[in-house]
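# Structural overview for review
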Amino acid sequence: MSLHDDAVLVLKGYEGQEELRQTYLDHLAAHPDGMWKACGDGHITASALVIDPSRGQVLLTLHKKLRMWLQMGGHCEPGDATVAAAALREATEESGITGLTLLPGGPVRLDRHPIPAPCHWHFDIQYAALAPAGTVEAISDESLDLRWFAYAEVADVADESVVRLLEATRARL
């Protein structure tokens with residue numbers, strides 16, 4: 001199965017955000033290349049909020065280009081077998097944490113946001129990744145900083161999309 005086909009199946013199985021979910025499906029139907037950064041009308045991205053429920057904290061990255069505190073995530077790559085695998089790969093690469101596991105139940109949220117030219121949109125499929133006990137993070141070269149935040153601190157440092165992702169993740173836990 002192709003990554004494109006996997007994304008369609010994931011989205012068809014996703015419950016909630018019906019209008020936005022349909023926008024994603026319509027985009028993929030119109031763009032066979034809609035999984036890849038080269039698709040100028042926008043492309044699917046995969047992200048994961050790294051969370052440690054035992055400590056009541058999430059790990060955010062200070063994105064190098066955007067200079068915003070965000071969840072880990074990014075572009076799908078040809079070697080990714082599934083969208084979930086892409087999200088887990090991105091979370092592992094950007095956090096430096098081995099042994100992350102995705103929260104069961106598939107994506108937690110969808111978030112479509114504009115990005116600078118030459119592309120127009122990121123169609124982000126958002127997961128949550130559970131950090132193992134005793135986790136030690138390591139900053140990647142895609143990040144200016146990496147920091148654990150208490151749930152209550154997230155709204156003070158991150159934008160509404162991250163706050164909504166945290167709320168949806170906590171509801172799923």
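Presented here is a report on the structure given in the accompanying data block. Residue positions are given per chain, counting from 1 as you read along its sequence in written order. Note on the predicted model: pLDDT of at least 70 is required for a residue's local features to be given, and 80 or more for side-chain atom pairs to be given and counted; whole-chain, interface and lining totals, by contrast, use all residues. Each side-chain value is worked out from all heavy atoms of the structure, with water and hydrogens disregarded.

### Some words on the pattern of salt bridges
Selection rule: In the sections that follow, a salt bridge refers to a side-chain nitrogen of Lys or Arg positioned within 4 Å of a carboxyl oxygen of Asp or Glu. A 1.4 Å probe rolled over the protein chains alone gives each residue an accessible area, and that area as a share of the maximum for its type sets the label: buried under 20%, exposed over 50%, partly exposed in between.
Using the criterion set out here, one finds eight salt bridges in the structure. Where aspartate 80 meets arginine 89, a salt bridge forms, and the shortest distance between an N and an O atom there is 2.8 Å. Where glutamate 90 meets arginine 89, a salt bridge forms, and the shortest distance between an N and an O atom there is 3.0 Å. The burial state of glutamate 90 is the same as that of arginine 89; both residues are buried. Three or more residues are tied together by salt bridges with common partners; here these are Glu77, Asp80, Arg89, Glu90 and Glu93.

### Brief notes about the nonpolar core
As a reminder, the rule being used: In this description, a nonpolar core means a group of buried Ala, Val, Leu, Ile, Met, Phe, Trp, Tyr and Cys residues linked to one another through side-chain atoms lying within 4.5 Å. Under the DSSP-based scheme used, a helix requires at least four consecutive residues in state H or I and a strand at least two consecutive residues in state E, with every element numbered from the N terminus.
Among the nonpolar cores identified, the biggest contains 31 residues, and Met35, Ile44, Val50, Val83 and Ile125 are the most heavily contacted of them. The leading source of residues in this core is helix H1 (residues 3-13), at five residues.

### Some points on the side chain of glutamine 126
We count it as follows: Residue contacts are counted whenever heavy atoms from the two residues lie within 4.5 Å of one another.
With respect to the helices, strands and loops of the structure, glutamine 126 is situated in strand S7 (residues 121-130). Owing to a relative accessible area of 1%, glutamine 126 belongs among the buried residues under this scheme. With residues near it in sequence (within four places) discarded, glutamine 126 still touches Ser47, Gln71, Pro107, Val108, Arg109, Leu110, Asp111 and Leu165.

### Digging into helix H3 (residues 83-95)
Quick note on the threshold: To estimate how far a helix should extend, the number of its residues minus one is multiplied by 1.5 Å.
End to end, H3 covers 18 Å across 13 residues, agreeing with the expected 18 Å (1.5 Å per residue, within 8%). Looking at H3, one finds that the buried residues are Val83, Ala86, Ala87, Arg89, Glu90, Ala91, Glu94 and Ser95. Its buried side turned inward, H3 meets H1, strand S1 (43-52), strand S2 (57-63), strand S4 (72-75), S7 and strand S8 (143-150). Looking one or two residues beyond H3, the residue adopting positive phi is glycine 96, at roughly 75 degrees.

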